[in-house]
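Close look at the chain arrangement
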Amino acid sequence: MTTTETEKKRFSFPTVIVLAMILLVVFLTCVPYLVTIALAEGPAERATADASPIFGVTIPQGYKQWELIAPAEEAAPLDELRAVVGNQTAIDAYQAGKFPFPDGTILVKRAWKRKQSPEFASATIPGAATTVQVMVKDSKKYAATGGWGFGRFVNGKPVDEAQHRTCFACHEARAKSRDYVFTRLAP
Ligand code: HEC
């Protein structure tokens, strides 16, 4: 080996280390930013599109597995079968029988078109799902509407703002003494 070659080798090794360190620092600096951007844009965008106007309420995950509070039936012209279900906070509050419902309570009203059973003429079964309606208790966030945030969804998408303006008025006019909730625990 000539002197110049040895020098070159000795020179290049630390250079590689330094370059690698710089790249590592740049990479590590960028990662948190990239993660933040990815997290902020992905779910946030979806949440906005799927959230109700005014209240920002979304369809809660797993509500189809929630416990039944009571079924209901709506006469014509809607002609629907309904089931109000609640998360564990709601069920605990119902069982304790205390008003107001605590923050974190979520009530969901599911609804279906009435359908005659194909097997048994006098039996009525759920037909197509029509709406999913949600009430979320957050006494601070929704202080102006009795502590409840509202959401009405058709095919998974929230309906317009005008419809969301009607929710609290009706619940307030008729169910104020029961923390704005109509449904009683089915016996
Ligand atoms: C004209 C009156 C009226 C309006 C407007 C109304 N509701 Fe209700 N809501 C009721 C009645 C009555 C019940 C009781 C269950 C049933 O009969 O279906 C109910 C029940 C509910 C329940 C189950 C908990 C409870 O209070 O029994 C939810 C959730 C709900 N409504 C959400 C909404 C949302 C969201 C809106 C607005 C998009 C809305 N409601 C608008 C009358 C109304």
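Residues numbered from 1 in each chain as written. Predicted model: local features only at pLDDT ≥ 70, side-chain atom pairs only at ≥ 80, totals over all residues.

What to know about the sheet that holds strand β6 (residues 157-158)
Heads up, the rule is: Note on pairing: DSSP must find at least two bridges between two strands before they are called paired. Here a helix means four or more residues in a row that DSSP labels H or I, a strand means two or more in a row labelled E, and each is numbered from the N terminus. Contacts are defined on C-beta atoms placed from the backbone: any two residues whose C-beta positions lie within 7 Å are in contact. The convention used is that axes are lines fitted to C-alpha atoms, helices contributing only their stretch in contact, and that angles between N-to-C directions extend from 0 to 180 degrees.
With antiparallel pairing, the six strands of this open sheet are ordered in space as β1-β2-β3-β4-β5-β6. The open sheet is flanked by β1 (67-74) and β6, the only strands paired with a single partner. The pairing of strand β5 (residues 148-154) with β6 spans two bridges and is antiparallel. Residue pairing across strands places F153 opposite P158, the latter belonging to β6. Each of β1, β2 (80-86) and β3 (106-116) is contacted by helix α2 (residues 88-96), which is oriented at about 90 degrees to β2, the strand it contacts most.

Focus on the site of the ligand
Put simply, the rule is: Residues are counted as near a molecule or strand when the C-beta atom, derived from backbone positions, lies within 6 Å of that molecule or strand. Residue polarity follows a fixed list, in which Ala, Val, Leu, Ile, Met, Phe, Trp, Tyr, Cys and Pro are nonpolar, Asp, Glu, Lys and Arg are charged, and the others, Gly among them, are polar.
The environment of the ligand is made up of 21 residues, and the closest members are R152, C167, C170, F182 and T183. Within the residue set of the shell around the ligand, elements represented by two or more residues are β1, β2, β3, β4 (124-137), β5 and α3 (161-175). It is α3 that contributes the most residues to the shell around the ligand, six residues altogether. Counted by class, the shell around the ligand contains 10 nonpolar, seven polar and four charged residues.

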